[in-house]
4 protein chains.
Amino acid sequence: MYFKSFFDKPLAQMAYLVGCQQTGEAIIIDPLRELDEYIKAAEDEGLRITHAAETHIHADFASGLRDVHRKLGAKLYVSDLGGDDWKYQNMPDDTVYLTEGDTIEVGNVTLDVIFTPGHTPESISFLLTDKGGGSSVPMGIFTGDFLFVGDVGRPDLLEEAAKMEGTTDSGAKDMFKSVQKSKDLPDYLQIWPGHGAGSACGKSLGAVPVSTLGYEKKNNWAYQIEDEQAFKKELTTDQPEPPTYFSHMKKINKENIPLAKDTRVYPIASSQLTDLVIDLRPKEVFQSAHVKGTINIPMTDTFSSYVGWFVNYEEDLTFIGSKEDADEAAKQLQQIGYDRVKGYLPAEEIEDTVSSLTIETDEFIEIYKKKSPDILDVRSKSEWDEGHLDNTEQVLFGKLLEEDIPFDAEEPLFVHCETGVRSGIALGALEKRGFKHVINIKDGYEALRGRI
Amino acid sequence: MYFKSFFDKPLAQMAYLVGCQQTGEAIIIDPLRELDEYIKAAEDEGLRITHAAETHIHADFASGLRDVHRKLGAKLYVSDLGGDDWKYQNMPDDTVYLTEGDTIEVGNVTLDVIFTPGHTPESISFLLTDKGGGSSVPMGIFTGDFLFVGDVGRPDLLEEAAKMEGTTDSGAKDMFKSVQKSKDLPDYLQIWPGHGAGSACGKSLGAVPVSTLGYEKKNNWAYQIEDEQAFKKELTTDQPEPPTYFSHMKKINKENIPLAKDTRVYPIASSQLTDLVIDLRPKEVFQSAHVKGTINIPMTDTFSSYVGWFVNYEEDLTFIGSKEDADEAAKQLQQIGYDRVKGYLPAEEIEDTVSSLTIETDEFIEIYKKKSPDILDVRSKSEWDEGHLDNTEQVLFGKLLEEDIPFDAEEPLFVHCETGVRSGIALGALEKRGFKHVINIKDGYEALRGRI
Amino acid sequence: MYFKSFFDKPLAQMAYLVGCQQTGEAIIIDPLRELDEYIKAAEDEGLRITHAAETHIHADFASGLRDVHRKLGAKLYVSDLGGDDWKYQNMPDDTVYLTEGDTIEVGNVTLDVIFTPGHTPESISFLLTDKGGGSSVPMGIFTGDFLFVGDVGRPDLLEEAAKMEGTTDSGAKDMFKSVQKSKDLPDYLQIWPGHGAGSACGKSLGAVPVSTLGYEKKNNWAYQIEDEQAFKKELTTDQPEPPTYFSHMKKINKENIPLAKDTRVYPIASSQLTDLVIDLRPKEVFQSAHVKGTINIPMTDTFSSYVGWFVNYEEDLTFIGSKEDADEAAKQLQQIGYDRVKGYLPAEEIEDTVSSLTIETDEFIEIYKKKSPDILDVRSKSEWDEGHLDNTEQVLFGKLLEEDIPFDAEEPLFVHCETGVRSGIALGALEKRGFKHVINIKDGYEALRGRI
Amino acid sequence: MYFKSFFDKPLAQMAYLVGCQQTGEAIIIDPLRELDEYIKAAEDEGLRITHAAETHIHADFASGLRDVHRKLGAKLYVSDLGGDDWKYQNMPDDTVYLTEGDTIEVGNVTLDVIFTPGHTPESISFLLTDKGGGSSVPMGIFTGDFLFVGDVGRPDLLEEAAKMEGTTDSGAKDMFKSVQKSKDLPDYLQIWPGHGAGSACGKSLGAVPVSTLGYEKKNNWAYQIEDEQAFKKELTTDQPEPPTYFSHMKKINKENIPLAKDTRVYPIASSQLTDLVIDLRPKEVFQSAHVKGTINIPMTDTFSSYVGWFVNYEEDLTFIGSKEDADEAAKQLQQIGYDRVKGYLPAEEIEDTVSSLTIETDEFIEIYKKKSPDILDVRSKSEWDEGHLDNTEQVLFGKLLEEDIPFDAEEPLFVHCETGVRSGIALGALEKRGFKHVINIKDGYEALRGRI
């Protein structure tokens, strides 16, 4: 048996390639749309990707499942469980719909389907047995977003992002059952989860890529709580707010998804900037001089996790930055199904710039003590609940373009997050909303904690 | 002024980027469809590609001119000369049609249009003056396929490839006039041609990328012949046969050309091989074991110059090789406007292979002396004319799929070219035509010359 | 905790980086000399490599342990066990020498030392506990060459390669004890071995990178045999012959190792070829035309596993091939401590070439049946034992330059291996030994099996 | 004949490869120490670099001439002219020392030596004739730092950088003669200079890589002045100050130069920062938070042109930045012969940071008008001469670590250059010199000109 995992850092996402050398067949589990890396790995081992399976309808990225069929001719395997709302649509004719107890055979490797709802109603896991290697016992389990290293999947994405009322509660209940059910599986099983550290699909994912069931039983909080109510409370409390693009992902992953296309971006002139402009430069460079009302999301590995808040799938956007960054940003946006990037303005060509005001921690404290300035906290509600400055209002940075901001736009407004990253993003959004005098508290609440 | 040339080795093609730093504008001359390199060079200098011009309707590659407009919004400049058959069609509304004496202004750089037909009826050249640099005299001239380093463009492509009768003669006449006319230009002009060594657009192109008019006047054969008839004879004699794809290029470059798309190729199964299969592996590897009837064009820098003979724009093809080579091959095919590659079979997966018979020079000579075997010479007619074995027939390697091959397919057939490269390509083509016993004379006529 | 594994394909070797985000410290376990990949991974996570540990004195590659100290200033941790013959020499002053029960602390991660001799007398394993992650139980174990996925380390390398008599037997005994001892550890432990599929350090390593102890207890043959004698017999039977370079590795890894240097290789002229020349081209290309007596080891991922047989650490060598391949080959040679590459001859420049004779399976069978030709089988002794042609002699391909070859060099000699890869390497070696008429049986014993 | 030019952007330097396909030989002219690009280009054409020549002893980069001999075995050709002070030392035995009228033969290409002193006393040019191409007239001339596109080489580097008194005047005189002498050469000659736009070896180099002699005669200022005195005045006026590292380059290029070595840089801890620290981050990032007294030279294509001012060849230095940038910076430093980089501190690990004060143009003007603040202009003397603020002092940014700074370090000090790049570099240097309150005028004199 051949086994390889693929970690996509921007999405903190894991896909898996499993092959049988004896027959040359291979399966890809939870693929992204960018297939080249999977193909090359298979080719290096003399394998052909003949099967593709998915643990559930993903909410956080555009699934590559259909592309594996369209480009490689692979047979697709998806969940048939979870009720009518969660049926895959527009699938190839020979798609196999799976229920508990079904088996996928990839040469001499078998994957047994286990129903593990909770994160979503249709979620399944795949228990792998390497029969070709002579084993009669399973080696590990692909858990998708059911079981992570140190956590379980959150059940509230549908309710939060897709506004499907009541689904959080039933999901939490399902998750409790799935966890209990998994206790019967042997300790030595490897756990191959759908996400690693950094994903919005769970709240405390570890930075270790693989675990074992026995280890999780001893360490994962979800296995320590025997009471369903307590479990549900713990599971649904303090989950970070999911990005707004999640509901769109759910939809296209369920219904259909267009073929990925060439995402390269071409330069535009200043006059062609769209209503929504993402500035890809480092935050200090942006704050020193930028086009008013543009949103600064620096091109780093975490770009995806911020940009999903601002993308509107019905509208175009443009970038400010270099060709290299713009091409990479567009590629990451296509991973979340957005393909309306209309070009980028090379950073050297920006005109009529403004600079942002920044205030150091000490200086802010002095002002804060003297008078009571307007202060906006752009961290999440749960962070705010854990501690915040007096006399502040909280609006999550990702919602600044749509939510009511309870301050006078003509007055000076101090803004902060935890470390200065999200408040940097907020600056342009507040300019766009008409605020005239925004001052960024440079090092955020982290530097203020305990000092005020 | 900023100046940069771009050499595409597979096509032996040159494009030029010229910019004016004072205004930030730039022009690209004779662009390919792959624009990224041009864009990055411009961006590095703080320039924007605002203009694009073409010296003539190209026959040897798919022009990127329209893409520069579609992707970058640049204004296009093309020839309005040469008569009704040579009008660009379906161009953007603001396209500028040029005649002798017109001037393109790119910031403070000017390009004066000079009518230089011969290679084609509508060919123009651009005389560059760097006014921004303070010069009142021209610096150089973009000659397209009029004037090369050491040669002039051939006038016979239309007649040969597009079967337009009589055009060779009128082209040769035009070329004579264009050469005479250019003698009035100053010696110190730089010559920036449209092709370098290796192109099929001229017969003796040098491997020096730039020349000067004064140097060409002294060394280029075309400036040494004062008599029109002698010039025409020299120009039209012994030109290599143009690849069959040239006529298609002419057509799409004149009429329109679809947007370049993602050319990546995906693996297929053995059963999905098409009628035409190109095997991309080194010739020795192919000859040791290959699928019968597949055509071996190894993936090297000269791939383009061979594959154009076999491509049928109405039919699909597939490759045999690695993903890396297949992707590169498909990219080169898109440069000549072909985008029907349906996948590649990884080389490890080929089945039911045959090997080619190869004979060393000495051994062949022995056989040749004893009896009179069937021998096919797949070099060009002009090479054959310069010397060949007795009792051979000549059919150019690129025409083996369509022309009559005057031998009995059941009998042993010895095949050779000059060095063994083209006969290697011929092997699969002859198998495809039903020849049962093909023997490749390993080192070709080069090793036989003077010994037989 | 942060965890990342690194797989070096040419050596089938695994190194591991483990870090504690709370303190920013990290440890690298069993590093190669090429550190860049480790450094970048650490830097991406905000970690500094402050510790480096080794499970044992490696025999199959040049250890990077000392380099981690010299270049990064990390503290080194090595085994103090196994007796006087196995003491690391010339180590930095602050090196920590480990015995059973010692603990390495890397921030809040701890590694407990377990003595697991067998592969070598000083071998230790590291049991990892993620205390920073809140766990009081171990997560996994770095087993080095004690325990692999599906196998255990071979105990005979010292005797075979370094000619240390009696060590195989005592090693096998140790290994039995180490296996028994490990049974007390919990099933849920992850197993992080020192090698994956393709290594010469074990005979049946799986292609799955990670396992669990519970799974190995059920599937690994070493856990199924309770009888020491039977275990020892199984362990020491049919191990592949270790490459000759292993003894040199042992020595430099124990005593000292020079700093890695720039390995780039420069072109030479034909006259500068050394006595030992490695030709890096594909086997079919080599066999078609090569310099007599040069050894063909194509530049693939398995280059390392073949070249180690031919390298003499006291003598220079040169390559034939491209700059790209020569640079990569020299890099791989430096990984096994060899740095005497004196240049490469570009393949285009080879002169006075010979071609190898190749025979197809069918044709060989005919000859074989008619008369009794000289046949040399260059597979390993254990492959030969499992089945071979009548009237053949066996000499391993890697020993052809030194061992007696019991045939008349003036007579035709047929040579084969299993698939044609190793017999391709043998061709040049036999030429070097003076054989005049070597004929390669193209598809090897694999194609003959059952047909003769 | 084969011809290829190589442009190194950081050094604005040009090297040339010329080969003869008929004999397979090639010459490299004015090589850098990094040879790989030259080798690959030669190999692609089936050429071997058998000769290497130098136009003069370079002052601005570490010559690769000796490396071409040491690594490739090429024969070296250098000037024997200019007097005893300008003799190459420690050269290989078979080095050819050239004087006017000598000829280098590279296969069928010939290079005739012309003595063209001025930039340096020993400078020579090479007049190329492509005899293999059938020409009896020269094609072009390698002019080194004698003749550039639009300029001639400056004669004052020795006096300025190496403090050799009187050499400027005699050099200017030589240059006048060299220019006059070159007028006899034909107009159609191509000019292949040693530098392009951006070099410190001339003051107004164009961004066009190649010119012709006829064009230069008409446009280059040096050909317009017939009077020697006027020429000398023009030539020696307003030359930018040469970086301090030039004198060291002269010395090692004349006397000897060690073999280039692996320049990779490894991470260090904060405590290991050296006295001189170069911070490689973008200026806005540096100014927002940096280690006091570190010098900010962002890692861009112009890194080389700034860093040469601060490097002390007798002392170590360290970087702050990423591994990628540190590796690139060290590589560029080795191009100017500096190899004492002792590591880099990853930017995430900087501690005890300070931020720089920045003032916008409008705000500064207000202050400037009210009172008379201390202002330091860090542009060059010649820029200062062309216009500056009242009541300022001028000290070139590159000399801030050594020269007297005529202000009170306890008082606020405003600093500016032309656009904010060099004043950004000055900030750390002023901190290092003990200035307590440095305020950077963000957009420099460019934004102030005409407004004050």
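Residues numbered from 1 in each chain as written. Chains lettered and ligands numbered in written order. Predicted model: local features only at pLDDT ≥ 70, side-chain atom pairs only at ≥ 80, totals over all residues. Heavy atoms only, no water.

Student: Can you explain the overall build of chain A? Please cite residues and give values.
Tutor: Within chain A one finds 14 helices and 25 strands. For 452 residues, the compact-globule estimate of 2.2 N^0.38 gives 22 Å, and chain A sits close to it at 24 Å. Overall size of chain A, expressed as C-alpha extent along the three principal axes, is 75 × 50 × 35 Å. Within chain A, the fraction of its 452 residues that count as buried is 60%. Counting only contacts in chain A whose residues sit at least 6 apart along the sequence, the fraction spanning at least 24 positions is 68%. Carbon and sulfur atoms make up 45% of the accessible area of chain A, which totals about 16600 Å². Chain A carries 47 positive and 79 negative side-chain charges, and their two centres are separated by 0 Å. (Helix = DSSP H or I, 4+ residues; strand = E, 2+ residues; numbered from the N terminus. Rg over C-alpha atoms; globule rule 2.2 N^0.38 Å. Buried < 20%, exposed > 50% of the residue type's maximum accessible area, 1.4 Å probe, protein only. Contact = heavy atoms within 4.5 Å. Areas by Shrake-Rupley, 256 points an atom, 1.4 Å probe, with all protein chains shown as cover. Lys, Arg positive; Asp, Glu negative; His and termini not counted. Charge placed at Lys NZ, Arg CZ, Asp CG, Glu CD.)

Student: Before we move on, can you summarise the relation of the copies chain D and chain B with the specific residues and values?
Tutor: In this arrangement, two copies of a chain are superimposed by a rotation about an axis accompanied by a shift along the axis. Note on the identical chains: chain D maps onto chain B by a rotation of 180 degrees and an axial translation of 0.0 Å, with an RMSD of 0.0 Å. Taken together, the turn and the small shift mark the pair as related by a two-fold rotation axis. Of the C-alpha atoms belonging to chain D, the one lying closest to the rotation axis is found on Tyr 188 of chain D, 2.2 Å away. Looking at the interface residues of chain D, 100% of them are also at the interface in chain B, so both copies use one shared face. (Least-squares fit on C-alpha atoms with pLDDT ≥ 70 in both.)

Student: Lay out the interface of chain C and chain A in plain terms, naming residues and giving numbers.
Tutor: With 28 residues of chain C at the interface, the matching set in chain A holds 28 residues. Of the roughly 2100 Å² buried where chain C meets chain A, counting both sides, 63% is carbon and sulfur surface. When residues of chain C are sorted by the area they lose upon contact with chain A, Tyr 188, Val 208 and Tyr 215 of chain C head the list and together hold 30% of the total. Applying the counting rule to chain C against chain A returns two salt bridges. Lys 9 of chain C is the salt-bridge partner of Glu 45 of chain A, the closest N and O atoms lying 3.5 Å from each other. (Buried area = accessible area lost by both parts, 1.4 Å probe. Salt bridge = Lys/Arg side-chain N within 4 Å of Asp/Glu carboxyl O.)

Student: Go over the packing of helix H4 (residues 167-182) of chain D against helix H6 (residues 228-236) of chain D with me, naming the residues and quoting the values.
Tutor: Residues and elements named next belong to chain D. In contact at an axis separation of 9 Å, H4 and H6 are set at 120 degrees when each is read in the N-to-C sense. It follows from the interaxial angle that H4 and H6 lie oblique. Once H4 is placed against H6, the crossing between them reads as right-handed. Contacts between H4 and H6 involve Thr 168, Asp 169, Ala 172, Lys 173, Met 175, Phe 176 and Val 179 from the first element and Glu 228, Phe 231, Lys 232, Leu 235 and Thr 236 from the second. (Axes fitted to C-alpha atoms, helices over the stretch in contact; angles between N-to-C directions. Parallel < 35°, antiparallel > 145°, perpendicular 65-115°, else oblique. Left-handed = near helix turned anticlockwise from the far one by under 90°.)

Student: Explain the domain arrangement of chain A residue by residue, including any values.
Tutor: Residue and element names in this part refer to chain A. Here the domain parsing of chain A yields domain 1 (2-255), domain 2 (270-354) and domain 3 (357-448). Taking only C-alpha atoms, the centre of domain 1 and the centre of domain 2 are 32 Å apart. Across the domain 1 to domain 2 interface the summed buried area is about 1300 Å²; carbon plus sulfur atoms make up 60%. Three residues stand out in domain 1 for area buried against domain 2, namely Pro 10, Arg 33 and Tyr 245, and they jointly supply 38% of the buried area on that side. At the surface where domain 1 touches domain 2, the tally comes to one salt bridge. Between Asp 301 and Lys 9 there is a salt bridge, with its nearest N and O atoms 3.7 Å apart. (Domains from an automatic or database assignment.)

Student: How would you summarise the sheet that holds strand E15 (residues 277-279) of chain C if you had to cite specific residues and measurements?
Tutor: Residues and elements named next belong to chain C. Here we have four strands laid out as an open sheet, ordered E17-E15-E18-E19, and parallel in their pairing. At either margin of the open sheet sits one strand with a lone partner, and together these are strand E17 (295-296) and strand E19 (341-346). Relative to the sheet, helix H10 (residues 323-335) contacts strand E18 (317-321) and E19, its axis offset from that of E18 by approximately 145 degrees. (Pairing = 2+ DSSP bridges.)

Student: So what's going on with the pairing of strand E10 (residues 140-144) of chain B? Residues and values would help.
Tutor: All names here are of chain B. For E10, the buried fraction is high: five of the five residues fall into the buried class. Across the two faces of E10 the burial is the same, with Gly 140, Phe 142 and Gly 144 and Ile 141 and Thr 143 all buried. Bridging between E10 and strand E13 (residues 190-193) involves four bridges; their strand directions are parallel. Bridge pairing in E13 places Gly 140 opposite Gln 190.

Student: Summarise unusual backbone geometry; cite the residues concerned and give the values.
Tutor: Backbone geometry at Asp 30 of chain B places phi at a positive 55 degrees, although glycine is not the residue there. Along the chain, the position of Asp 30 of chain B falls in the loop between strand E3 (25-29) and helix H1 (36-44). Of the residues examined, Asp 30 of chain B reaches a relative accessible area of 4% and is grouped as buried. Look at Ala 12 of chain D: it is not a glycine, yet its phi comes out positive at around 50 degrees. Tracing the backbone shows Ala 12 of chain D in the loop between strand E1 (2-8) and strand E2 (13-20).

Student: For the interface of chain D and chain B, give the residues involved together with the corresponding values.
Tutor: The interface of chain D with chain B comprises 28 residues on the first partner and 28 residues on the second. When residues of chain D are sorted by the area they lose upon contact with chain B, Tyr 188, Val 208 and Tyr 215 of chain D head the list and together hold 30% of the total. Our enumeration of links across chain D and chain B arrives at two salt bridges. Where chain D touches chain B, the interface holds nine residue pairs in polar contact (both at pLDDT 80 or more). The set of elements that each furnish at least two residues to the side of chain D that touches chain B consists of E1, strand E14 (211-212) and helix H5 (213-219) of chain D. Tallying contributions element by element places H5 of chain D first for the side of chain D that touches chain B, with four residues. (Polar contact = N/O pair within 3.5 Å; in protein donor to acceptor, adjacent residues only side chain to side chain.)

Student: Lay out the sheet that holds strand E5 (residues 75-79) of chain B with the relevant residues and their values.
Tutor: Residues and elements named next belong to chain B. Ordered by their spatial adjacency, six strands build an open sheet running E1-E2-E3-E4-E5-E6, and the pairing between neighbours is mixed. Of all the strands in the sheet, just strand E1 (2-8) and strand E6 (96-98) have a single pairing partner and so form its edges. Across this sheet, the average inter-strand angle for adjacent strands is 20 degrees, counted without regard to direction. Summarising the sheet, E3 and strand E4 (residues 48-53) pair through five bridges and their orientation is parallel.

Student: Quick rundown of the environment of Ala 41 of chain D? Include the residues and the values.
Tutor: All names here are of chain D. Position of Ala 41 among the secondary structure elements: in helix H1 (residues 36-44). When its relative accessible area of 8% is taken as the criterion, Ala 41 is described as buried. In this structure the C-alpha to C-alpha distance between Ala 41 and Lys 4, which are 37 residues apart in sequence, comes to 8.2 Å. With sequence-adjacent residues up to four places away left out, Ala 41 is seen in contact with Tyr 2, Lys 4, Phe 6 and Leu 17.

Student: Could you give an account of the packing of aromatic side chains, with specific residues and numbers?
Tutor: Taken as a whole and judged by the stated rule, the model has 64 aromatic pairs over all chains. Ring centres 5.9 Å apart and planes at 45 degrees place the aromatic pair Phe 3 of chain C and Tyr 16 of chain C in the tilted group. Taken as a pair, Phe 3 of chain C in strand E1 (residues 2-8) and Tyr 16 of chain C in strand E2 (residues 13-20) lie far apart in primary sequence, 13 residues in all. Within the aromatic cluster, the residues linked to one another by ring pairs are Phe 3, Tyr 16, Phe 142 and Trp 192 of chain A. (Phe/Tyr/Trp six-rings, centres within 6.5 Å; stacked < 30°, edge-to-face > 60°.)

Student: Tell me what's going on with the environment of Asp 362 of chain C, and back it up with residues and numbers.
Tutor: Residue and element names in this part refer to chain C. Mapped onto the elements of the fold, Asp 362 is located in helix H11 (residues 361-370). Through-space distance from the C-alpha of Asp 362 to that of Pro 138 is 59 Å; in sequence the pair is 224 residues apart. There is a polar contact of 3.0 Å between the side chain of Asp 362 and the side chain of Arg 451.

Student: Tell me about the environment of Tyr 368 of chain D, and name the residues and values.
Tutor: All names here are of chain D. Within the secondary structure, Tyr 368 is located in helix H11 (residues 361-370). With a relative accessible area of 14%, Tyr 368 lands in the buried category. Taking the C-alpha atoms as reference points, Tyr 368 and Leu 389, 21 residues apart in sequence, are found 9.9 Å from one another. In this structure, Tyr 368 is in contact with Pro 373, Ile 375, Leu 389, Asp 390 and Ile 452, ignoring residues within four places of it in sequence. A polar contact of 3.3 Å, which involves the side chain of Tyr 368, links it to the backbone nitrogen of Asp 390.

Student: An account of the nonpolar core is requested, with residue identities and associated values reported.
Tutor: Core analysis: the biggest nonpolar cluster contains 159 residues, and Phe 319 of chain C together with Phe 319 of chain D have the highest contact counts within it. Among the nonpolar cores identified, the runner-up in size contains 158 residues, and Ile 297 of chain A together with Leu 32, Leu 396 and Leu 430 of chain B belong to it. (Core = buried A, V, L, I, M, F, W, Y, C linked by side-chain atoms within 4.5 Å.)

Student: Outline the pairing of E18 of chain C, listing residues and values.
Tutor: Residue and element names in this part refer to chain C. Of all five residues making up E18, five are buried, and the element is well covered by its neighbours. The alternating pattern of E18 places Leu 317, Phe 319 and Gly 321 and Thr 318 and Ile 320 on opposite faces, both of which are buried. Bridging between E15 and E18 involves three bridges; their strand directions are parallel. Considered in E18, the bridge of Val 277 is made with Thr 318. Two strands pair when backbone bridges link them, and E18 and E19 are joined in this way by four bridges, in the parallel orientation. Following the sheet pairing, Leu 317 is matched in E19 by Val 341.

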